[in-house]
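Descriptive structure summary
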Amino acid sequence: MSDTPAPGSPVRLADLAKALGLEAEGDAEVVLRGVAPIAEAEPGDLTFLRSAAFVKDWASSRASAVVTLPDLDVGGRPALRSDDPSRDFYRAAAILVPEPRPRPGVHPTAVVHPEAEVDASAAVGPQCSIGAGARIGARSLLHDGVMVGAGVRIGDDCEIHGRVVLRAAATLGDRVTLQPGVVIGGEGFGYVGDGEGGLRRVHNVGSVIVGDDVEVGANSTIDRGTLGHTRIGRGCKLDNLVQIGHNCVLGDHVVVVAQVGIAGSTRVGDRAVLMGQAGIAGHVQIGAGAFVGPMTGVHKDVAPGERVLGAPQRSERTFHKESAALKRLPELLRRVRRLETAGERDE
Amino acid sequence: MSDTPAPGSPVRLADLAKALGLEAEGDAEVVLRGVAPIAEAEPGDLTFLRSAAFVKDWASSRASAVVTLPDLDVGGRPALRSDDPSRDFYRAAAILVPEPRPRPGVHPTAVVHPEAEVDASAAVGPQCSIGAGARIGARSLLHDGVMVGAGVRIGDDCEIHGRVVLRAAATLGDRVTLQPGVVIGGEGFGYVGDGEGGLRRVHNVGSVIVGDDVEVGANSTIDRGTLGHTRIGRGCKLDNLVQIGHNCVLGDHVVVVAQVGIAGSTRVGDRAVLMGQAGIAGHVQIGAGAFVGPMTGVHKDVAPGERVLGAPQRSERTFHKESAALKRLPELLRRVRRLETAGERDE
Amino acid sequence: MSDTPAPGSPVRLADLAKALGLEAEGDAEVVLRGVAPIAEAEPGDLTFLRSAAFVKDWASSRASAVVTLPDLDVGGRPALRSDDPSRDFYRAAAILVPEPRPRPGVHPTAVVHPEAEVDASAAVGPQCSIGAGARIGARSLLHDGVMVGAGVRIGDDCEIHGRVVLRAAATLGDRVTLQPGVVIGGEGFGYVGDGEGGLRRVHNVGSVIVGDDVEVGANSTIDRGTLGHTRIGRGCKLDNLVQIGHNCVLGDHVVVVAQVGIAGSTRVGDRAVLMGQAGIAGHVQIGAGAFVGPMTGVHKDVAPGERVLGAPQRSERTFHKESAALKRLPELLRRVRRLETAGERDE
């Protein structure tokens, strides 16, 4: 569209304002080429100012323009007014400093099975491999060395980063982003006794179904279902090095911070938040909107909206009360000793 | 063999029973094509019923046949009788819904060193690379993009999933399965002072030796030995994102759940179980049959058969006693205050 | 140089001594071919002996020579004398059992963008891909399947192991080693509300800057900066499966043990040590020389040189006092009950 500045080219403030639906102030003809924090900005850069506390940094900033709150005085210099300067600054950044985007088409070193379907608008990078019956949707990007196993479905507008492995006929919705090294569809940790004192793998037939607008962080792993499927609801955001066990079901918009592990068949409700390094046992129910604190060990259900902390889990209130009490325990030991001595004296 | 149904084709119940060594009941001519949980099954599906509690689900199930206990009444419908319906259902699943298996041979995009030996019955997928002196055993499968470094030995009937890296002349036994993204033979975390305030890597000459029937989960890492070798005993099952440090020695049939980390030179006895996110210090001995609970921090030896929990580790009994006592601590503080007040009154 | 023995060939003790700058004793003509622990050594092997406690192992060792302390009696057998036998043994190992080193040049299956610069002395392995504007320094090694994104800079004498992904125009200094599966420059975990109850990724423009002599362990992940850069200071050593969030700044010579996670924008001072599985919240300052114990949860600043343990963090002293007191808590409950009973009796 002629309205939208071509990404990566220098952009007039007036055009940027139009593209973002914001109000421009001051010299709207100023040309922007990049973005930078307020103290490091050079002429040509856009920066942002999200509270009056930083106004003096703005005074000495060399930036050519600023995204700021509606009522902040920027001394008449070029500005975009926004209710959320941080958010709109990053929207501007996506226009001014876009990520390089590979051209549509399949790189000659990629191996695509004749029975796979790759949309003509998709881009498949060097050394990718795409198995029989796999399907890659419109405008989706596969960076270098992505492995798409047989029967895997990738929706439209997805971005699959380098060295990702997708297998077990996993299905991704639209606008899914997988950071490098993600593994989707590995076999779950499920074994039965082999009758000779060892363990034998259970044959897996389930898959992984990932909703629209999901992101998964680098080197995270999501195991396939054993019989039914492992499901990641729409809008979920998973950080790096996260482990999701077989047959887990995550609702919509669940947030899972780095290094969290969830064992098999656990269910997590919509908009729950699992903080970094939390560990969740298998077959547990975590309710919608629940909050599981960092390093928390969850071994039993968490009610909707409940906040739990500690390993093993306690309610946030109990956790803080116990932690506070624990601090006083060494002193308590002395106080009890004193009471006992007083008692002995009395006898 | 003419006895065994061809995998992936429709199978008569009678033939399935024969292949599994089970008793068929009801109409043994019924043809099965897939497997499903009892409530989701369609005609043509096999399902399972492992206790009387689910009999009413069976009544409304559309499944064509069921694997169930010897004495459960299934109303005369087609059934396979089993002492362990869950185990035999999954055995049936492996016949009805087999994993697609690549054909033997080396994909033209794989790079195989002229001094490597690949058995004629092995399959080497696209974009694999196999170094000098490496050896791949009979019927082993290397999926896409596996890197087999110089001198690495892979036994018979192994399955090495996508993007696995094997280096440092590691040796795998027979029937070893490595999930995608596993790294075997990275350099261990061993440094010496460089005399200038920094650290210099210790030159590693050790390797990794993995026994028969071992499985390693996605994106797990097993470091090579510094001087001697890192050893993983036969039948060990390691889950995803597990870290095994240099020179660790795991006995046979050790179970290591997701995100466990074991520092260098630790020994774990046969059939020990390390639950999720446990952390084990270096140079520790964990006895045979020991149980290390989830998130447990082990910094000293664990006796054979001992059960430890907590960080730092305590015996299971002590851990539960302390946890119960901790719950009463806030109340205890009030009680002691009351005793002190009473004492003051008495004076 | 004619002085230095050719690596991997048999070496006379006299030549080894010269190469290492050590004193040889006994028959300096003995020829060495390998290294081994003292009990497993064969003729032709060099071993080491770091204290008098092992002298009797030496008596029965079949090793051809030993690296040992200046004053330890080795019975006149061939020896190298060293203040630090362990360190010098590994220096010798690097000569006797060197890692195979690929020849300079680009493997024909690697994909190198015409606008990338690869030094003629660098080695680029099979199935690597190198993007536009990337630069690979002198004598750097890229093992198989490394992905070097557009604009990435790799210094001199680096070693990048198999399946590493470098993106977001990351910059590595000289002598950087990345173990297999490392991901540098994934998008950080940063989102803003999308106004419809979901989250929208913040557009990242920052990168990752890694100093000289840094090592990163297998499958670790270092996210790119959102606006400014994520920085890893010179000499830092990161173990396997470590997570470094966007915009973190690590000083020089920081040691980060396996499975540590650091959330976004945290700063870690020079020579701080973070032990295994510690979790560090975002926007925290950890002072120079601080020690964060294993599994410690850091949610607030740690002073320079301070030692913290526990989750949530406490000073090491407090942690040990509280742990000791906790052990006495079950007994304390009984003692308080006794005092209360005594008080009731008195009434």
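Residues numbered from 1 in each chain as written. Chains lettered and ligands numbered in written order. Predicted model: local features only at pLDDT ≥ 70, side-chain atom pairs only at ≥ 80, totals over all residues. Heavy atoms only, no water.

Let's shift gears to the overall build of chain A. The helix and strand tally for chain A stands at 5 helices and 40 strands. In terms of C-alpha radius of gyration, chain A reaches 27 Å, well past the compact-globule figure of 20 Å for 347 residues. With respect to the principal axes defined by its C-alpha atoms, chain A has extents near 90 × 65 × 30 Å. Within chain A, contacts between residues at least 6 apart in sequence are counted, and of these 17% link residues at least 24 apart. For chain A, the exposed surface amounts to about 13800 Å²; the carbon and sulfur share of it is 51%. With 38 positive and 43 negative side-chain charges, chain A shows a spacing of 5 Å between the two charge centroids. (Helix = DSSP H or I, 4+ residues; strand = E, 2+ residues; numbered from the N terminus. Rg over C-alpha atoms; globule rule 2.2 N^0.38 Å. Contact = heavy atoms within 4.5 Å. Areas by Shrake-Rupley, 256 points an atom, 1.4 Å probe, with all protein chains shown as cover. Lys, Arg positive; Asp, Glu negative; His and termini not counted. Charge placed at Lys NZ, Arg CZ, Asp CG, Glu CD.)

What follows is about the state of the cysteines. Overall, the coordinates contain 0 disulfides over all chains when judged by the stated rule. Looking at the unpaired cysteine 128 of chain A, the closest cysteine sulfur is the one in cysteine 158 of chain A, lying at 14 Å. Of the cysteine sulfurs around cysteine 236 of chain B, a residue in no disulfide, the closest is that of cysteine 248 of chain B, at 12 Å. (Disulfide = S-S within 2.5 Å.)

A few words now on the sheet that holds strand E6 (residues 65-68) of chain C. All names here are of chain C. Ordered by their spatial adjacency, 5 strands build an open sheet running E2-E7-E6-E5-E4, and the pairing between neighbours is mixed. Of all strands in the sheet, those bounded by a partner on one side alone are strand E2 (23-25) and strand E4 (34-35). Relative to strand E7 (residues 79-81), E2 runs antiparallel, the two being bridged by 3 bridges. Paired with alanine 24 across the two strands is leucine 80, which belongs to E7. Relative to the sheet, helix H1 (residues 13-20) contacts E2, strand E5 (45-49), E6 and E7, its axis offset from that of E7 by approximately 15 degrees. Sheet strands touched by helix H3 (residues 85-96): E4, E5 and E6. Its angle to E5, the strand with the most contacts, is close to 165 degrees. (Pairing = 2+ DSSP bridges. Axes fitted to C-alpha atoms, helices over the stretch in contact; angles between N-to-C directions.)

Another aspect to go through is the pattern of salt bridges. According to the stated counting rule, one finds 54 salt bridges over all chains in the structure shown. Across the salt bridge formed by arginine 91 of chain A and aspartate 88 of chain A, the nearest N and O atoms sit 2.6 Å from each other. In this pair, arginine 91 of chain A and aspartate 88 of chain A are both assigned in helix H3 (residues 85-96), 3 residues apart and thus about one turn of the helix distant. Residue arginine 91 of chain A is classed as partly exposed on the basis of its relative accessible area of 29%. Connected via shared salt-bridge partners are Glu99 of chain A together with Arg167, Glu187 and Arg224 of chain C. (Salt bridge = Lys/Arg side-chain N within 4 Å of Asp/Glu carboxyl O. Buried < 20%, exposed > 50% of the residue type's maximum accessible area, 1.4 Å probe, protein only.)

In this section: the side chain of threonine 177 of chain C. Residue and element names in this part refer to chain C. Inspection of the secondary structure assignment puts threonine 177 in strand E20 (residues 177-178). Owing to a relative accessible area of 14%, threonine 177 belongs among the buried residues under this scheme. In this structure, threonine 177 is in contact with Glu159, His161, Val214, Glu215 and Val216, ignoring residues within four places of it in sequence.

Moving on to the relation of the copies chain A and chain C. Overlay of chain A on chain C (RMSD 0.1 Å): rotation 120 degrees, translation along the axis 0.0 Å. A rotation of that kind, with that shift, is consistent with a three-fold axis. (Least-squares fit on C-alpha atoms with pLDDT ≥ 70 in both.)

With that settled, consider the environment of aspartate 45 of chain B. Residues and elements named next belong to chain B. Tracing the backbone shows aspartate 45 in strand E5 (residues 45-49). Taking relative accessible area as the criterion, aspartate 45 reaches 12% and is therefore assigned buried. Contacts of aspartate 45, omitting those with residues within four sequence positions, involve Leu32, Gly34, Val35, Ala36, Ala63, Ser64 and Ala65.

On to unusual backbone geometry. In the segment running from alanine 311 of chain A into proline 312 of chain A, the intervening peptide bond is cis, with an omega of 0 degrees. When you line up the elements, proline 312 of chain A lands in the loop between strand E39 (307-309) and strand E40 (314-315).

Attention shifts here to the interface of chain A and chain C. Many structure descriptions define interface size as the accessible area lost when the parts assemble. Each partner contributes residues to the interface: chain A has 52 residues there, and chain C has 61 residues. A per-residue breakdown of the area chain A buries against chain C is headed by Tyr90, Arg163 and Leu333 of chain A, which together make up 15% of the total. Taken together, the connections running from chain A to chain C amount to 4 salt bridges. The salt bridge partner of glutamate 99 of chain A is arginine 167 of chain C, with a shortest N-O separation of 3.3 Å. Taken together, the connections running from chain A to chain C amount to 23 residue pairs in polar contact (both at pLDDT 80 or more). Only H3, strand E28 (237-238), strand E31 (255-256), helix H4 (316-327) and helix H5 (329-346) of chain A provide two or more residues apiece to the side of chain A that touches chain C. Among the elements that line the side of chain A that touches chain C, the one with the most residues is H5 of chain A, at 8 residues. Of the residues belonging to the side of chain A that touches chain C, the class tally is 28 nonpolar, 12 polar and 12 charged. (Buried area = accessible area lost by both parts, 1.4 Å probe. Polar contact = N/O pair within 3.5 Å; in protein donor to acceptor, adjacent residues only side chain to side chain. Nonpolar A, V, L, I, M, F, W, Y, C, P; charged D, E, K, R; others polar.)

With that settled, consider the interface of chain A and chain B. Counting residues at the interface gives 61 residues for chain A and 52 residues for chain B. Surface buried jointly by chain A and chain B totals about 4200 Å² across both partners, of which 65% is contributed by carbon and sulfur atoms. It is Phe189, His203 and Leu227 of chain A in chain A that bury the most area against chain B; as a group they hold 17% of the surface buried on that side. In this structure, the salt-bridge partner of glutamate 215 of chain B is arginine 201 of chain A, at a minimum N-O distance of 2.7 Å. Scanning the region where chain A abuts chain B turns up 23 residue pairs in polar contact (both at pLDDT 80 or more). Of all the secondary-structure elements, those providing two or more residues to the side of chain A that touches chain B are strand E21 (183-186), strand E22 (191-193), strand E23 (199-201), strand E26 (221-223), H4 and H5 of chain A. Looking at the side of chain A that touches chain B, the element that brings in the most residues is H5 of chain A, giving 5 residues. Its residues assigned to classes, the side of chain A that touches chain B shows 27 nonpolar, 22 polar and 12 charged.

A few words now on the environment of threonine 341 of chain A. In this fold, threonine 341 of chain A is placed in helix H5. Note: C-alpha distance between threonine 341 of chain A and alanine 94 of chain A (247 residues apart in sequence) is 72 Å.

Note that lysine 237 of chain C resides in strand E28 (residues 237-238). Once residues within four sequence positions are removed from consideration, lysine 237 of chain C is found in contact with Phe189, Tyr191 and Leu199 of chain B together with Asp213, Glu215, Val254, Val255 and Val256 of chain C.

One pass over the structure, following the stated rule, counts 12 aromatic pairs over all chains. With 5.3 Å between their ring centres and 85 degrees between their planes, phenylalanine 189 of chain C and tyrosine 191 of chain C make a pair best called edge-to-face. Here the basic side chain of arginine 77 of chain A rests over the ring of tryptophan 58 of chain A, its NZ or CZ set 3.8 Å away from the ring centre. Residue placement shows arginine 307 of chain B over the ring face of phenylalanine 291 of chain B; its charged tip is 4.1 Å from the ring centre. (Phe/Tyr/Trp six-rings, centres within 6.5 Å; stacked < 30°, edge-to-face > 60°. Lys NZ or Arg CZ within 6 Å of the ring centre and 35° of its normal.)

So, on to the sheet that holds strand E19 (residues 171-172) of chain A. Residue and element names in this part refer to chain A. Pairing is parallel across the open sheet formed by 9 strands, whose spatial order is E10-E13-E16-E19-E24-E27-E30-E33-E36. A single partner strand is all that each edge strand has here, and the edge strands are strand E10 (117-118) and strand E36 (285-286). Summarising the sheet, E19 and strand E24 (residues 208-210) pair through 2 bridges and their orientation is parallel. The residue of E24 that forms the bridge with leucine 172 is valine 210.

Further remarks concern the confidence of the model for chain A. All names here are of chain A. This prediction gives chain A a mean pLDDT of 94; 97% of its residues lie at or above 70. Taken together, the stretch residues 1-6 has pLDDT below 50 and engages in 5 contacts with residues farther than four places along the chain or on a different chain. Complex prediction metrics read pTM 0.95 and ipTM 0.95. (pLDDT = per-residue confidence, 0-100.)

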